Amino acid sequence: MSSSIISFSEPSTAEEIKLLAGLAREIWTAHYVPIIGLEQVDYMLDKFQNEVAICQQLEQGYRYFMIYRNEKLVGYIAFILQENNSSLFLSKFYIKANFQGSGIGRTAMEFIEQYCRSHVIHQLWLTVNKHNTGAISFYNKVGFKTLNSLVQDIGSGFLMDDYKMEKYLTI
């Protein structure tokens, strides 16, 4: 059995950002339509994960990393330092469905945690849709704890109904 090579690459060109936005559309449509419906998925993609929005987030300090398995793009993550660089908000953590359960998620989480350790960040936190049971299970397995519920109005009559989860890291 051959081993997989997992690598991470920050998008640095317009073409890579376009590729990333296309991947977001593919993953979100497949995963979130059954949870929140096509109309809200389209709205959120157009608002938060199109090429312009990704560029704006990069300008605001978000770090995006495209995840490759054996040179094939299979997912992406994004995070930003917060609270005077004392915590890291994991804003995006998405892997194509047919690659979930293969260790890529754990490798990505190790990558994120190593980033935190190298920047002396003890708190890692995220929000996750309350009905995204697979993601919640994964986050619990890698040490996250649910803090509370968050309901956020994102405009056009749509709400994000999430849990806030966090993990403390030893450095």
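Residues numbered from 1 in each chain as written. Predicted model: local features only at pLDDT ≥ 70, side-chain atom pairs only at ≥ 80, totals over all residues. Heavy atoms only, no water.

Student: What is the right way to look at helix α4 (residues 104–118) in this model?
Tutor: Along an α-helix, residues three or four apart share an orientation, since each turn contains 3.6 residues. For α4, built from 15 residues, the straight-helix expectation of 21 Å at 1.5 Å per residue is met to within 8% by its first-to-last C-alpha distance of 21 Å. Looking at α4, one finds that the buried residues are I104, G105, A108, M109, I112, E113, Y115 and C116. (Helix = DSSP H or I, 4+ residues; strand = E, 2+ residues; numbered from the N terminus. Expected span 1.5 Å × (residues − 1). Buried < 20%, exposed > 50% of the residue type's maximum accessible area, 1.4 Å probe, protein only.)

Student: Explain the packing of helix α1 (residues 14–36) against helix α2 (residues 38–48) here, please?
Tutor: The description of two helices packed together rests on the angle between their axes and the distance between the axes. At their nearest, the axes of α1 and α2 sit 8 Å apart, and the two run at 145° to each other. In terms of crossing hand, the pair formed by α1 and α2 is right-handed. In contact with A24, R25, W28, T29, Y32, V33 and I36 of α1, α2 contributes L38, Q40, V41, D42, M44, L45 and D46. Classifying every residue of the contact of α1 with α2 by side-chain character gives nine nonpolar, two polar and three charged. (Axes fitted to C-alpha atoms, helices over the stretch in contact; angles between N-to-C directions. Left-handed = near helix turned anticlockwise from the far one by under 90°. Contact = heavy atoms within 4.5 Å. Nonpolar A, V, L, I, M, F, W, Y, C, P; charged D, E, K, R; others polar.)

Student: Quick question: what am I supposed to make of the pattern of salt bridges here?
Tutor: Close approach of charged atoms allows side chains of opposite charge to pair. Summed over the entire model, instances satisfying the criterion amount to seven salt bridges. Here R25 and D46 are joined by a salt bridge, their closest N and O atoms 3.1 Å apart. Taken as a pair, R25 in helix α1 and D46 in helix α2 lie far apart in primary sequence, 21 residues in all. Looking at D46, the relative accessible area reads 46%, which means it is partly exposed. One continuous salt-bridge network, built from bridges that share partners, spans R25, D42 and D46. (Salt bridge = Lys/Arg side-chain N within 4 Å of Asp/Glu carboxyl O.)

Student: Would you take a moment to explain the sheet that holds strand β7 (residues 158–168) for this structure?
Tutor: One key point about sheets: their strands pair by backbone hydrogen bonds, in either a parallel or an antiparallel sense. Judged by pairing direction, the sheet is mixed, and its seven strands sit side by side in the order β1-β2-β3-β4-β5-β7-β6 without closing on themselves. Because the sheet does not close on itself, it has two edges, and the strands there are β1 (6–9) and β6 (145–155). On average, each strand axis in the sheet is tilted by 30° relative to the strand beside it, whichever way the strands run. Bridge count for strand β4 (residues 87–95) against strand β5 (residues 123–129) is four bridges, and the pairing is parallel. Considered in β5, the bridge of L88 is made with L124. (Pairing = 2+ DSSP bridges.)

Student: Is there a simple way to think about the packing of α1 against helix α3 (residues 51–59) in this case?
Tutor: Where α1 contacts α3, the axes come no closer than 9 Å and their chain directions differ by 115°. Relative to α3, α1 is oriented roughly perpendicular. As α1 packs across α3, the resulting crossing turns out to be right-handed. Contacts from I17, K18, L20 and A21 in α1 reach E51, I54, C55 and L58 in α3. (Parallel < 35°, antiparallel > 145°, perpendicular 65-115°, else oblique.)

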